[in-house]
Amino acid sequence: MKKVNISIMVLALPFFFTMCTEKKENAIPVKESKEHSHSNKEVACGIPLSREDSLKYISKTVEVNGDVKNQLLLTVDSLKLMKIHTIENFTVVCQSGANMKEDKTCKGVLLRDILEKAEIIQNNHKDRNFYIVARASDDYKATFSWAEIFNNPTGDEVFVLFEENGEPIQRQGEMILICRNDIKTGPRHVYWLKSIEINRVE
Ligand SMILES: Nc1nc2c(c(=O)[nH]1)N[C@H]1C(S)=C(S)[C@@H](COP(=O)(O)O)O[C@H]1N2
Ligand SMILES: [Mo]
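Thresholds applied
- Residues numbered from 1 in each chain as written.
- Chains lettered and ligands numbered in written order.
- Predicted model: local features only at pLDDT ≥ 70, side-chain atom pairs only at ≥ 80, totals over all residues.
- Heavy atoms only, no water.
- Near = heavy atom within 4 Å.
- Polar contact = N/O pair within 3.5 Å; in protein donor to acceptor, adjacent residues only side chain to side chain.
- Areas by Shrake-Rupley, 256 points an atom, 1.4 Å probe, with all protein chains shown as cover.
- Nonpolar A, V, L, I, M, F, W, Y, C, P; charged D, E, K, R; others polar.
- Core = buried A, V, L, I, M, F, W, Y, C linked by side-chain atoms within 4.5 Å.
- Buried < 20%, exposed > 50% of the residue type's maximum accessible area, 1.4 Å probe, protein only.
- Helix = DSSP H or I, 4+ residues; strand = E, 2+ residues; numbered from the N terminus.
- Contact = heavy atoms within 4.5 Å.
- Pairing = 2+ DSSP bridges.

## Focus on the site of ligand 1
In the region of ligand 1, 14 residues are neighbours, and Met 100, Asp 138, Gln 172, His 189 and Tyr 191 sit closest. The separation between a nitrogen atom of ligand 1 and a polar main-chain atom of His 189 is 2.5 Å. One nitrogen or oxygen atom from the main chain of Tyr 191 is found 2.8 Å from a nitrogen atom belonging to ligand 1. In the complex, the protein chains occlude 89% of the 530 Å² of accessible area that ligand 1 would expose alone. Looking at the shell around ligand 1 residue by residue, the class counts come to 9 nonpolar, 3 polar and 2 charged.

Here you go:
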């Protein structure tokens, strides 16, 4: 029985390798399969989720919470009322180097504008050690610092997207957080975004 399992794995390896190196347009969200998702095993590229499976992760709201004066509940419609930016030719590159997705054009709002609306609670001007966690419904997360967003050019490159190539975001919907100037854009490309948490470093 064990022998059979090993030979299946060996046979499947070239298949997964091809998937990782292939250039994908309108890529399907890839993720480790459910039964492996809690293991610490590092995978460069996962198994594509079925349409049905990805549907249950889609989040229609993004909660902005933590050390803020105004907790927010963002939706695509509320983002559309803010200052909208158009981003051209955005490519998602995995840490492995594989191109995962290419957007000709997408639309979104600056994370900085969202944080300014929420108003981080700062006790004085030296109170600026905060970390910001962008979390997805599958608990995937990316972290930013206060200085990156408010005192560094990176602040002009972090967006919450609500539209890709003229269409609402579907399988990875409804909002995706990106950082356009990261070297590998995959790690801080958070799809199924569900919360933005602001925490003071204690
Ligand atoms: N919610 C969520 N976002 C995620 C991931 C994930 O597993 N869940 N994987 C990340 C990784 S490792 C990469 S390389 C890119 C892959 O982008 P793609 O799914 O569009 O191919 O998304 C990132 N964002
Ligand atoms: Mo990745």
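Let's pick the thread back up.
## Observations concerning the nonpolar core
Of all hydrophobic cores here, the largest spans 49 residues; its most connected members are Leu 79, Leu 111, Ile 114, Phe 144, Leu 177, Ile 196 and Ile 198. Ranked by residue count, the leading element in this core is strand E9 (residues 158-164), at 5 residues. Not counting residues up to four positions away in its chain, the partners in contact with Ile 196 are Val 62, Glu 63, Val 64, Asn 65, Leu 111, Leu 115, Ile 132, Val 133 and Val 160.

## As for the pairing of strand E12 (residues 193-200)
When you tally the buried positions in E12, you get 6 out of 8 residues, the bulk of the element. The pairing of strand E3 (residues 62-66) with E12 spans 4 bridges and is parallel. Note on E12: the bridge partner recorded for Glu 63 is Ser 195. Bridge count between strand E7 (residues 130-136) and E12: 7 bridges; the pairing is antiparallel. Its bridge partner being in E12, Tyr 131 is matched across the sheet by Asn 199.

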